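A structural walkthrough
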Amino acid sequence: MDLKKKIKSLLQHAELYKSQGLLNEALEKYVHAGRIIKKHAAVIGNKKLLPAVAKRIKILKAEINRIEASPDMSVVPENVQDIIKNKFAFTDREETRDLEGAVALAKFGQYDRALREFRVLMDREDLKVNAAKNIIRCHVTLNAMSDAVGQYREWFDQSALRPEELNKLRVFLQSILDKKGIKETLPGKEPEPIVREAIVEDPGIMDGEIILPELVQGEILGDADAEEEIIDISSVEITLEEGPGKWRTVEYDVSFQSGRVINLLISSSDKALIEILRTGLELKKVHFYSPIAMFNGEGVVFSKSRIESGPKQGDYSLDIQIKHIR
Amino acid sequence: MANINLKKREIECKIVYYGPGRCGKTTNLDYIFRHFQKQVTGEMVTTETDGDRTLFFDFLPMGLGKIRGYDVRLQLYTVPGQVKYSATRKMVLREVDGLVFVADSLAVRRQKNVLSLKDLHGNLKEYGLSIFKVPLVMQYNKRDLVEQGIPIMSLTTMERDLNRQLKAPSFPASALRGDGVGDTLKTCIKLTLKSLRKQMGW
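Now for a quick tour of the structure.

Per the secondary structure count, chain A includes 11 helices and 10 strands. In chain A, which comprises 326 residues, the share counted as buried stands at 49%. Intrachain contacts of chain A at a sequence separation of at least 6 include 55% that bridge at least 24 residues. When the accessible area of chain A is evaluated, it comes to approximately 16500 Å², of which 50% is carbon and sulfur surface.

Structure representation (structure tokens):
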């Protein structure tokens, strides 16, 4: 093809790709055209062409950088949040639908709205403690530990929660604070639970998929409200059984828990670990730490995904389904 | 599986438009919203970021009327196409009943199509679904761009790249003009309802 025709064609394609929003493809064409013009400058004889193409390349690169660097819209309008809340609560259990909806909002990074929803759910006797724990989890995920502590103190000063409920929250938050090395002692009575053995209830259906039996600490002495005592996992220690760090143990705090599924946030810098923990990987040796006891067990990597927006952008979100606890 | 409310006699089906970034998923929904007013039951909700890229999803509710005494409702979603939005794609895909894979006909997007289809396959697998069994329709979009002199792939090439094994119904389309949009959706609805009938034992 004639040199001038080729350059013209490349520039035309670049413009068309740009109009399609395919900026990288457009850039490629401009760069290609630029190279040809530079190489055959004497033949082409148009001194204005190269600077013009260079200018377009510069503008395009700036545009690509701007889009890539601009923070993703982390808070979406309320109508979108409503859809997230109503359509992403995958549960057949009417009684937990609102809670699942609020968890979905948190998963989509809509923390303010999620917090609002969890606060409303605290008026419901059956969901009160669970909602309160999720409020704490939201603050922890946002690294707003002082807000988590402040919230607990507010609950402590008010009389909305029963002493045993307050105690559960205190133990839950205190363990997180201790793990993070934050020297803060929450007000409240020391719990005196004696765990005999974790017992397993019948399997249930949640989120449209079969989940493992819910572990119930029904044998915790002195606890009258046993039926809502689903084990809260505050952190996990996983022994890796493959990869370069075979038999290495890694420990992570749990950022969210929904029934059998616990969610961990893994830093983007821990590339080797992210690679090893692929979806479907069976984790044969896991220590599950609850605020009051430690259990051995097994899990499976349920899903792994990169966080696209918010303060944890770039890190990885890992869902582990608890298969077995003993 | 579709959300079936026996008490209210309502069936809610979820159809997801999947495909690489900038392939025209939102344009499909936008066309449906503007031209299928009779079936559309609410506003189209979009979550676009800078550069017209979908952040979370687009959502369009539709109604199909009564089938065997059940009020059948459709929810159309798009997923974000950009590679980095993998987590959201997976969340949107959850409990999907029918799929439209929108492929970009531009020759420069050939590899992106294949990668996106592979991504779909992987995500379905994680939900215990097989891409061979889920109601699926292929749409080869942007056919009109050939008129502007942009190199596009032949339908044979696209079939070979994307549909050789799947053998899903496929349609050439121009979502911007509306060509093939209705046929794609109608076929997907048909396949989804067929699958639903099977599940319901009708």
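Assignment of secondary structure puts Arg 53 of chain B in the loop between α1 (25-35) and β3 (58-67). In this structure, Arg 53 of chain B is buried with no salt-bridge partner, the nearest side chain bearing the opposite charge being Glu 63 of chain A at 7.0 Å. Within polar-contact distance, the side chain of Arg 53 of chain B engages the backbone oxygen of Gly 21 of chain A at 3.2 Å.

Quick look at the nonpolar core now. Formed by 70 residues in total, the largest nonpolar core has its most connected members in Ile 84, Phe 88 and Phe 118 of chain A together with Phe 57 and Leu 99 of chain B. Considering every element that reaches this core, the biggest residue donor is helix α8 (residues 128-141) of chain A, with 7 residues. When neighbours within four sequence positions are excluded, Ile 84 of chain A is seen to be in contact with Val 76, Ala 89, Ala 104, Leu 105, Phe 108 and Gln 110 of chain A together with Phe 56 and Phe 57 of chain B. If you look at the next biggest cluster of nonpolar residues, it comprises 30 residues, including Ala 2, Phe 33, Val 40 and Met 44 of chain B.

What follows deals with the sheet that holds strand β10 (residues 316-325) of chain A. Residues and elements named next belong to chain A. With respect to topology, 6 strands assemble into a closed barrel ordered β5-β6-β7-β10-β9-β8, the strand pairing being antiparallel. Adjacent strand axes in the sheet meet at a mean angle of 45°, parallel and antiparallel pairs treated alike. Bridge count for strand β7 (residues 261-266) against β10 is 6 bridges, and the pairing is antiparallel. Counted as the bridge partner of Asn 263 is Asp 319 from β10.

This next bit is on the pairing of strand β8 (residues 282-289) of chain A. All names here are of chain A. Across 4 bridges, the pairing between strand β5 (residues 235-239) and β8 is antiparallel. Counterpart to Glu 237 in the pairing with β8 is His 287. As defined by bridge partners, β8 adjoins strand β9 (residues 294-306) across 6 bridges and the pair is classed as antiparallel. Within β9, the position partnered with Leu 283 by the bridge is Gly 299.

On to the environment of Asn 28 of chain B. Residue and element names in this part refer to chain B. Positionally, Asn 28 belongs in helix α1. Sequence separation between Asn 28 and Ala 175 is 147 residues, and the spatial gap between their C-alpha atoms is 5.2 Å. Setting aside residues up to four positions removed in sequence, Asn 28 forms contacts with Tyr 17, Val 102, Gln 139, Asn 141, Ala 175 and Val 181. Engagement of the side chain of Asn 28 in a polar contact is seen with the side chain of Gln 139, the distance being 2.8 Å.

Further remarks concern the pattern of salt bridges. What the rule picks out here adds up to 30 salt bridges over all chains. For Glu 63 of chain A, the salt bridge goes to Arg 66 of chain A, with nearest N and O atoms at 3.3 Å. Taken together, the positions of Glu 63 of chain A and Arg 66 of chain A, both in helix α4 (residues 49-69) and 3 residues apart, correspond to about one turn of that helix. For Arg 66 of chain A, a relative accessible area of 41% gives the class partly exposed. With a shortest N-O distance of 3.1 Å, Arg 73 of chain B and Glu 10 of chain B are connected by a salt bridge. Here Arg 73 of chain B, found in strand β4 (residues 70-78), pairs with Glu 10 of chain B, found in strand β2 (residues 10-18); they are 63 residues apart in sequence, far enough to count as distant. The exposure class assigned to Arg 73 of chain B is partly exposed, which follows from its relative accessible area of 33%.

Time to look at helix α2 (residues 86-93) of chain B. Three or four residues apart is the spacing at which side chains of an α-helix point the same way, because the helix has 3.6 residues per turn. Taking burial as the measure, the 8 residues of α2 of chain B include 6 buried ones, the bulk of the element. All of the buried residues along α2 of chain B are Ala 87, Thr 88, Arg 89, Lys 90, Val 92 and Leu 93 of chain B. Looking at the packing, one finds that the buried side of α2 of chain B touches β9 of chain A together with β2, β4, β5 (98-104) and α3 (110-126) of chain B. Immediately downstream of α2 of chain B, the backbone of Glu 95 of chain B shows phi near 60°, a positive value.

To continue, consider the environment of Phe 172 of chain A. Looking at the secondary structure, you find Phe 172 of chain A in helix α10 (residues 163-179). Judged by its relative accessible area of 1%, Phe 172 of chain A is buried.

Attention shifts here to the environment of Pro 151 of chain B. For Pro 151 of chain B, the location among the structural elements is in the loop between β6 (136-141) and α4 (155-162). Judged by relative accessible area, which is 36%, Pro 151 of chain B ranks as partly exposed. A sequence separation of 46 residues divides Pro 151 of chain B from Ser 105 of chain B, and the C-alpha atoms of the two residues are 8.7 Å apart. Filtering out sequence-adjacent residues up to four positions away, Pro 151 of chain B remains in contact with His 13 and Tyr 17 of chain A together with Leu 106 and Ala 107 of chain B.

Now for the packing of aromatic side chains. Scanning the model with the defined rule gives 9 aromatic pairs over all chains in all. Ring pairing ties together the aromatic residues Phe 88, Phe 90 and Phe 108 of chain A together with Phe 56, Phe 57, Phe 59 and Tyr 77 of chain B, which thus form one cluster. Stacked on the ring of Tyr 70 of chain B, the Lys or Arg Arg 9 of chain B has its end atom at 4.4 Å from the ring centre.

How big an interface is tends to be stated in terms of accessible area lost as the parts join. Taken together, the contact between chain B and chain A spans 37 residues of the former and 33 residues of the latter. Together chain B and chain A conceal approximately 3300 Å² of surface at their shared face, both sides included; 60% is due to carbon and sulfur atoms. The tally of links from chain B across to chain A stands at 2 salt bridges. Linking chain B to chain A there are 6 residue pairs in polar contact (both at pLDDT 80 or more). Listed by contribution, the elements that provide at least two residues to the side of chain B that touches chain A are β2, β4 and α2 of chain B. No other element matches the 6 residues that α2 of chain B contributes to the side of chain B that touches chain A. Here the side of chain B that touches chain A is composed, by residue class, of 15 nonpolar, 9 polar and 13 charged.

Further remarks concern the side chain of Asp 104 of chain B. Residue and element names in this part refer to chain B. Turning to its location among the elements, Asp 104 is positioned in strand β5. A polar side-chain atom of Asp 104 sits 3.0 Å from the main-chain amide nitrogen of Leu 106. Apart from the residues lying within four places of it in its own chain, the contact partners of Asp 104 are Arg 22, Cys 23, Arg 109, Asn 113, Asn 141, Lys 142, Met 153 and Met 158.

Rules used throughout
- Residues numbered from 1 in each chain as written.
- Chains lettered and ligands numbered in written order.
- Predicted model: local features only at pLDDT ≥ 70, side-chain atom pairs only at ≥ 80, totals over all residues.
- Heavy atoms only, no water.
- Helix = DSSP H or I, 4+ residues; strand = E, 2+ residues; numbered from the N terminus.
- Buried < 20%, exposed > 50% of the residue type's maximum accessible area, 1.4 Å probe, protein only.
- Contact = heavy atoms within 4.5 Å.
- Areas by Shrake-Rupley, 256 points an atom, 1.4 Å probe, with all protein chains shown as cover.
- Lys, Arg positive; Asp, Glu negative; His and termini not counted.
- Salt bridge = Lys/Arg side-chain N within 4 Å of Asp/Glu carboxyl O.
- Polar contact = N/O pair within 3.5 Å; in protein donor to acceptor, adjacent residues only side chain to side chain.
- Core = buried A, V, L, I, M, F, W, Y, C linked by side-chain atoms within 4.5 Å.
- Pairing = 2+ DSSP bridges.
- Axes fitted to C-alpha atoms, helices over the stretch in contact; angles between N-to-C directions.
- Phe/Tyr/Trp six-rings, centres within 6.5 Å; stacked < 30°, edge-to-face > 60°.
- Lys NZ or Arg CZ within 6 Å of the ring centre and 35° of its normal.
- Buried area = accessible area lost by both parts, 1.4 Å probe.
- Nonpolar A, V, L, I, M, F, W, Y, C, P; charged D, E, K, R; others polar.

Geometric descriptors of this kind do not, in isolation, establish any biological role.
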